[in-house]
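For reference, the chains in residue letters:
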Amino acid sequence: MVKRLDDKSDFYNICKKIGVSEGGIPILKDKSELYYFYIKDLKTPACNILKQDLLSIGADLVVSKDTVTCKKAVSDALMIVNKKQLKSIIKKMKLQPFGLKAVAENLKEHLSEKEYETKIMGVLNANEDSFFAGSRFVGKEAVSHIEKLISEGADIIDIGGVSSRPGSVYVGEEEEFKRVRPIIDEIYKEKLFEKAVFSLDSFSPKCLKYALERGFKIVNDITALENDEVAKIASEYRATVVLMHKKGTTLDMQKDPKYDDVILEVDEFFKQRIQKAKSFGIKEIILDVGIGFGKRLEDNLTLIKNLKHFKKFGYELLVGASRKSMIDMIIPSKVEERLPGTLAIHQESIRNGASVIRVHDVKEHKQMLEVLKAINE
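Residues numbered from 1 in each chain as written. Predicted model: local features only at pLDDT ≥ 70, side-chain atom pairs only at ≥ 80, totals over all residues. Heavy atoms only, no water.

Undergrad: Where do I start with helix H8 (residues 205-212) in this structure?
TA: Since one α-helical turn is 3.6 residues long, residues separated by three or four positions face the same way. Summarising burial for H8: six of the eight residues are buried, a large majority. Buried within H8 are the following residues: Pro205, Cys207, Leu208, Tyr210, Ala211 and Leu212. Against helix H7 (173-189), strand S6 (197-201), strand S7 (218-221) and helix H9 (228-236) lie the buried residues of H8. (Buried < 20%, exposed > 50% of the residue type's maximum accessible area, 1.4 Å probe, protein only. Helix = DSSP H or I, 4+ residues; strand = E, 2+ residues; numbered from the N terminus. Contact = heavy atoms within 4.5 Å.)

Below you can see the structure in the form of structure tokens.
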């Protein structure tokens, strides 16, 4: 009898059931997942060399029909390999001419991937202008809502004092501090930071320092450490920093944003900001591709589909698409009607490598994650 299994099946448990030795499972796992790498502007002699080397180890390279005759100087190519083959081809490519050594160095980065447990980041906004009214709370109501989010399964609580929706204008540091201080004080007083990890969605040095002194652990900075003072404070308190990609300011970011290649542009941005974070001594980093922050619908979808590209940095990936307008662009719906679309986006994001999902609806996401876990066990 033969039965076909889904490629998302629990490889480890299947091997254990068959009786594979513990040492043999990692070796076999390297053969179990295909990697697709799109290589731009590869010299045609390099294409021909690489294709033959890949075929010799059971992998392949998709190239233009004109590559064999070298009609064109360069060609794009698609490499199809498993992890075992990738390790092997990288060694061969380092010895080859025509730019293959540089390509090998880029490919090597993708061997640094790590796996993380999926976590839910629940959102609470201490303002009156965030796009989803259901996330706005102040005073004692805020504390009650935080306790509710924790009871529903939130691992992280993200507090925000200002709106970052498209077209919003920053209200100023003093006004932001006035909004978040009472909630931070209540969290500290009730020792809620012992029940969940707390994050402040802010780029204000004053607000962040105040929060970190009172049990907060994460700096969720939509400017990705644009301000050196924020970087210094995060380093001083050994905080985890969320580096988010954003094109433009909140005021103008959705005014006709354009990319030649959104994956490569976000990649380069992360390289620069990770380097800056490290230069300040920041060790714990989470990367956020910034869904809806200076992105067209096609850009958001491309990023979600190709999140695995960013796993090469070795850090956790965060996706926050909760009830965002991209859902309305796909199927017209009010903010209050976008939970199903949110769940679909976040489920696919998790499948593609995200380990932190920023959400308004914790209970529904917790249920989704438990069902997914049961299916994939």
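Undergrad: Where do I start with the packing of helix H13 (residues 339-351) against helix H14 (residues 362-376) in this structure?
TA: To describe two helices that pack against each other, one gives the angle between their axes and the distance between the axes. Packing of H13 against H14 leaves a shortest axis separation of 11 Å and a crossing angle of 45°. Taken together, the axis directions place H13 and H14 in an arrangement best described as oblique. In this structure, the crossing between H13 and H14 has a hand that is right-handed. Of the residues in H14, those in contact with Leu339, Thr342, Leu343, His346, Gln347 and Ile350 of H13 are Glu364, His365, Met368, Leu369 and Leu372. Across the contact of H13 with H14, the residue classes break down as six nonpolar, four polar and one charged. (Axes fitted to C-alpha atoms, helices over the stretch in contact; angles between N-to-C directions. Parallel < 35°, antiparallel > 145°, perpendicular 65-115°, else oblique. Left-handed = near helix turned anticlockwise from the far one by under 90°. Nonpolar A, V, L, I, M, F, W, Y, C, P; charged D, E, K, R; others polar.)

Undergrad: Explain H13 to me, please; I cannot follow it from the model alone.
TA: Over its 13 residues, H13 runs 18 Å from end to end, which matches the ideal 18 Å to within 8%, given 1.5 Å per residue. Taken residue by residue, H13 has Leu339, Thr342, Ile345, His346, Ser349 and Ile350 as its buried positions. Projected onto a plane normal to the axis of H13, the buried residues spread over an arc of 135° and lie on a single side. Contacts made by the buried residues of H13 are with helix H11 (297-305), strand S10 (316-319), helix H12 (325-330), strand S11 (356-359) and H14. Glycine 353 occupies a position one or two residues after H13 and carries a positive phi of about 125°. (Expected span 1.5 Å × (residues − 1). Arc of directions from axis to C-beta.)

Undergrad: Quick question: what am I supposed to make of unusual backbone geometry here?
TA: Across residues other than glycine, the phi torsion is negative in most instances, and most of the peptide bonds are trans. Despite not being glycine, arginine 238 has its phi angle at roughly 50°, a positive value. You can see arginine 238 is positioned in the loop between H9 and strand S8 (240-244). In this model, arginine 323 sits at a positive phi of 60°, which is unusual for a non-glycine residue. By secondary structure assignment, the location of arginine 323 is in the loop between S10 and H12.

Undergrad: Whenever I open this one, the packing of helix H3 (residues 44-56) against helix H4 (residues 83-93) confuses me. Can you help?
TA: Interhelical geometry of H3 versus H4 gives an angle of 140° and a closest axis separation of 10 Å. Taken as axis vectors, H3 and H4 run oblique relative to one another. Along this stretch, H3 crosses H4, giving a crossing that reads as right-handed. Residues Leu50, Asp53, Leu54 and Ser56 of H3 lie in contact with H4, whose contacting residues are Ile89, Lys92 and Met93. The residue makeup of the contact of H3 with H4, split by class, is four nonpolar, one polar and two charged.

Undergrad: Would you mind going over the pairing of strand S4 (residues 119-125) with me for this structure?
TA: Every other side chain in a regular strand lies on the same face of the sheet, so the side chains alternate between the two faces. Of all seven residues in S4, six are buried, a share of seventy percent or more. In terms of strand pairing, S4 meets S11 through four bridges, oriented parallel. Note that in S11 the partner of glycine 122 across the bridge is valine 359. As judged from the five bridges shared by S4 and strand S5 (residues 156-160), these two strands associate in the parallel manner. Bridge assignment links glycine 122 to a residue of S5, and that residue is isoleucine 157. (Pairing = 2+ DSSP bridges.)

Undergrad: Any chance you could explain the environment of cysteine 47 here in plain terms?
TA: Residue placement: cysteine 47 occurs in helix H3. In this structure, the C-alpha to C-alpha distance between cysteine 47 and glutamate 226, residues 179 residues apart in sequence, is 40 Å. The residues touching cysteine 47, leaving out its near neighbours within four places in the chain, are Leu42, Leu61, Val63, Thr67 and Ser75.

Undergrad: Quick question: what am I supposed to make of the sheet that holds strand S2 (residues 60-62) here?
TA: Within a sheet, each strand pairs with its neighbour through backbone hydrogen bonds, oriented either parallel or antiparallel. With respect to topology, three strands assemble into an open sheet ordered S1-S3-S2, the strand pairing being antiparallel. Each having just a single partner strand, strand S1 (34-43) and S2 make up the two edges of the open sheet. Averaged over all pairs of adjacent strands, the angle between strand axes in this sheet comes to 25°, irrespective of strand direction. The sheet contact formed by S1 and strand S3 (residues 74-82) spans eight bridges and is antiparallel. Opposite tyrosine 35, over in S3, you have valine 81 as the bridge partner.

Undergrad: Help me understand the confidence of the model for the chain, please; the structure alone is not making it clear to me.
TA: Parts of the model with low pLDDT should not have their predicted coordinates read in detail. Taken over all residues, the pLDDT of the chain has a mean of 91, while the share at 70 or more is 95%. Contacts of residues 130-134 to residues separated by more than four positions or lying in other chains number 15 contacts, the stretch itself having pLDDT below 50. (pLDDT = per-residue confidence, 0-100.)

Undergrad: What is the right way to read the sheet that holds S5 from this model?
TA: Strand order in the closed barrel formed by eight strands is S4-S5-S6-S7-S8-S9-S10-S11, and the pairing between neighbours is parallel. Across the sheet, the mean angle separating the axes of adjacent strands is 25° when strand polarity is ignored. Contacts between H13 and the sheet are confined to S10 and S11, with S11 contributing the most and set at about 165° to the helix.

Undergrad: Just to check I follow, could you spell out the packing of aromatic side chains for this structure?
TA: We describe a pair of aromatic rings using the distance from one ring centre to the other and the angle between the two ring planes. The tally for this structure, following the rule as stated, stands at eight aromatic pairs. For the ring pair tyrosine 188 and phenylalanine 193, a centre distance of 5.8 Å and an interplane angle of 20° mean the geometry is stacked. Here phenylalanine 193 falls in the partly exposed class, since its relative accessible area comes to 26%. Members of the aromatic cluster, joined through ring pairs, are Phe269, Phe270, Phe310 and Phe313. Geometry around phenylalanine 177 places lysine 206 over its ring, the cationic atom sitting 4.6 Å from the centre. It is arginine 214 that lies over the ring of tyrosine 210; its NZ or CZ is 3.5 Å from the centre. (Phe/Tyr/Trp six-rings, centres within 6.5 Å; stacked < 30°, edge-to-face > 60°. Lys NZ or Arg CZ within 6 Å of the ring centre and 35° of its normal.)

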